[in-house]
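Fold and contact review
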Amino acid sequence: MALNVLSVASEAVPLVKTGGLADVAGALPAALAPHGVRLTTLLPGYPAVMRTVKRGKVLHTYDSLLGEPARLLSSKLGDHPMIVLDAPGFYAREGGLYGDPAGKDWDDNWRRFAALGRAAADVVGGMVKLPKFDLLHAHDWQAGMAPAYLRFAPVAGSAPVPSVMTVHNMAFQGYYAREVFKYLGLPKRAWAIDGVEYHKGVSFLKAGMEAASVITTVSPTYAREIRSAEFGMGLEGLVVSRGDRVRGIVNGIDHAEWNPAHDAQLPANFTARSLGKRAANKRALEEEFGLEPGDGPLFIVVSRLTWQKGMDVLLEVLDHLVGIGGRLALLGSGDRAMEAELAAAAARHPGRIGVRIGYDEGLSHRMQGGGDAILVPSRFEPCGLTQLYGLAYGCVPVVARTGGLADTVIDANLAAIAAGAATGVQFSGVDYPTLAAAVSRTVALYHQPDVWRAIQRNAMKADFSWNSSGSAYAELYRELVSAQ
Ligand code: ADP
Ligand code: GLC
């Protein structure tokens, strides 16, 4: 039986992206199709999304959705069905998806994303003339109200529909003052410890995690970690209380987008059997970053510049990295103080450290294709995609042993090297001594060319396509639909 699923997200490639959530939401429809699941994506009608809506059929018109006129339009995300929530009062703005051009969160984010949740519940509740939806899949706090509306305020007369709440990052919870509750259109009983209430306010993420039939996170290790106070960010009690209703399914990568054999961004395409061709990419990358050629490895970083990503500790090890013959090309944006410190490090080490502040998709591909090793010193990492791109491109991942990083990289210890299994370098704990030691170990491995090549080849052979994770989601959907 083919399943009809509505996936609700606040970003999806190729239309709008601030991080890995967009890669995943954009890849899911194709990942699920071979498993008999038709996935329709519901996205807010930001300007970049509205530009792609051509001849979109109007599926529903709201006089007022959380206070703004709105429409549901049918459209396409690539080859797959999409529904756009066109509400200019909420989404037709210059700036970021979640904040103004200066980076400050929009004051009405609670209303903008409650509207998304309400619309999702209306769609699966049959308010639009589309084939019946069997399940709702919500991603992160921006979609968290969708399962809550389904549970507390479904479309009148509609049959119950199961839901999945995927947590891509516990650190972002969508928490608002209690005053917003009265505008949400929820019955009083939703203001409860097992409803949307959290520390006397409203938490969109908690609301979704309480209401959904099942919670998933994006790696098995993170699913375990969030049971503890260190990683649960206050919601660990809820996670523990939901027991086996919390699962971990690791993200895949989209090989149509990320494949070194065909990537149009690379000066030279290559495979695991033609690693020698990477040299041309490395030279081009050195030029692009104004780096001098050298005998040591060229490290890369592609990251949001935040505490989560351990970028403060990275800053501390840069002198050491350069001192032992390494070089660094970094692309990222985020914390303004970190941006300034990185620029200062580049000025201190001309020709050895190159920094590009900003967001550049094409450059991120060229870095994976030309860098020797990618550093990912995250303090926590629900899944992480850049290490997966590193594996696919033979850019050896050097990662903290946490979350999805622990689940996807096999450390190059002596046993793993001997067994031909090593795919990268792992270290435990994100602080100066451990990161400096990991960088030293990577440089030493790099100077053993046979070992290094073997690690690169193993990495490129590791299978992080969507095949197995697509089937895991499909299985979960079927389990929930048949239990309904
Ligand atoms: P997170 O979603 O927590 O930021 P992930 O590793 O899951 O971390 O995903 C990050 C995604 O964003 C990857 O696709 C990565 O290549 C991309 N990315 C991050 N920073 C930049 C940047 N400055 N320029 C281009 N791509 C970036
Ligand atoms: C979040 C997490 C990241 C994960 C991504 C996609 O942004 O920080 O670890 O890979 O979501 O699931």
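In short, a report on the structure. These numbers were taken from a predicted model, which means no experiment stands behind them. (Residues numbered from 1 in each chain as written. Chains lettered and ligands numbered in written order. Predicted model: local features only at pLDDT ≥ 70, side-chain atom pairs only at ≥ 80, totals over all residues. Heavy atoms only, no water.)

Most of helix α6 (residues 204-211) sits inside the fold, with eight of its eight residues counted as buried. Buried residues of α6: F204, L205, K206, A207, G208, M209, E210 and A211, and no others. (Buried < 20%, exposed > 50% of the residue type's maximum accessible area, 1.4 Å probe, protein only. Helix = DSSP H or I, 4+ residues; strand = E, 2+ residues; numbered from the N terminus.)

Looking now at the pattern of salt bridges. For the structure shown, the criterion picks out 18 salt bridges. Between D23 and K17 there is a salt bridge whose closest N-O contact spans 3.0 Å. Between E288 and R366 there is a salt bridge; the shortest N-O distance is 2.7 Å. Of the two residues, E288 is situated in helix α10 (residues 278-288) and R366 in helix α13 (residues 361-370); the sequence distance between them amounts to 78 residues. Relative accessible area serves as the criterion here: at 28%, E288 is assigned to the partly exposed category. Connected through shared salt-bridge partners, K17, D23 and E361 make up one network. (Salt bridge = Lys/Arg side-chain N within 4 Å of Asp/Glu carboxyl O.)

Our next topic: the sheet that holds strand β11 (residues 214-217). Spatial ordering of the open sheet is given by β3-β4-β5-β2-β1-β6-β7-β11-β12, a layout of nine strands whose pairing is mixed. Only two strands of the sheet have a single neighbouring strand rather than two, namely β3 (58-65) and β12 (246-248). Sheet twist, expressed as the average angle between the axes of neighbouring strands with direction ignored, equals 25°. Strands β2 (37-44), β4 (68-77), β5 (80-86) and β6 (135-139) of the sheet are contacted by helix α1 (residues 20-32), whose axis makes an angle of about 150° with β2. Along the sheet face, helix α5 (residues 145-152) touches β6 and β7 (163-167) and points at about 145° away from the line of β6. (Pairing = 2+ DSSP bridges. Axes fitted to C-alpha atoms, helices over the stretch in contact; angles between N-to-C directions. Contact = heavy atoms within 4.5 Å.)

Looking now at the site of ligand 2. For ligand 2, the set of nearby residues contains 14 residues, the closest of which are H168, N251, E381, C383 and G384. Within the side chain of Q308, an N or O atom sits 3.5 Å from an oxygen atom of ligand 2. Within the backbone of P382, a nitrogen or oxygen atom sits 3.4 Å from an oxygen atom of ligand 2. Taking 310 Å² as the accessible area of ligand 2 by itself, protein coverage stands at 92%. For the shell around ligand 2, the element with the most residues is α1, which contributes three residues. Across the shell around ligand 2, the residue classes break down as six nonpolar, six polar and two charged. When residues of the shell around ligand 2 are assigned to domains, at least three fall in each of domain 1 (3-252 + 467-483) and domain 2 (275-464). (Near = heavy atom within 4 Å. Polar contact = N/O pair within 3.5 Å; in protein donor to acceptor, adjacent residues only side chain to side chain. Areas by Shrake-Rupley, 256 points an atom, 1.4 Å probe, with all protein chains shown as cover. Nonpolar A, V, L, I, M, F, W, Y, C, P; charged D, E, K, R; others polar. Domains from an automatic or database assignment.)

What follows concerns the side chain of S203. Relative to the helices and strands, S203 is located in strand β10 (residues 201-203). Residue class for S203 comes out buried when judged on its relative accessible area of 0%. Looking at S203, its side chain comes within polar contact range of the main-chain nitrogen of K206, at 3.0 Å. When residues no more than four places from it in sequence are discounted, the contact partners of S203 are Q173, G174, Y175, V196 and Y198.

Attention now goes to the layout of surface pockets. One number sums up the size of the second largest pocket: a volume of about 370 Å³. Around the second largest pocket, the lining is made up of 21 residues, and of these V13, G26, A27, D254 and E257 lie nearest the centre. Looking at the lining of the second largest pocket, its residues break down into eleven nonpolar, four polar and six charged. (1 Å grid on protein atoms, 1.4 Å probe; cavity = no way out; pocket = protein on both sides within 12 Å on 5 of 7 lines; lining within 4 Å. Points joined across faces, edges and corners; volume = space filled by probe spheres on them.)

The next subject is the state of the cysteines. Per the stated rule, a full pass over the model turns up zero disulfides. There is no disulfide at C395, and the cysteine sulfur nearest it, in C383, is 17 Å away. For C395, a relative accessible area of 0% translates into the label buried. (Disulfide = S-S within 2.5 Å.)

Moving on, we come to helix α11 (residues 311-323). Between its first and last C-alpha, α11 extends 19 Å over 13 residues, near the 18 Å set by a 1.5 Å rise per residue. At V317, α11 shows its maximal bend, which comes to roughly 45°. For α11, the full list of buried residues reads M311, V313, L314, L315, V317, L318, L321 and V322. At its buried positions, α11 is contacted by β13 (298-305), β14 (327-334), α12 (336-348), β15 (353-357), β16 (373-376) and α17 (432-446). (Expected span 1.5 Å × (residues − 1). Bend = angle between axes of the 7 residues up to and from the residue.)

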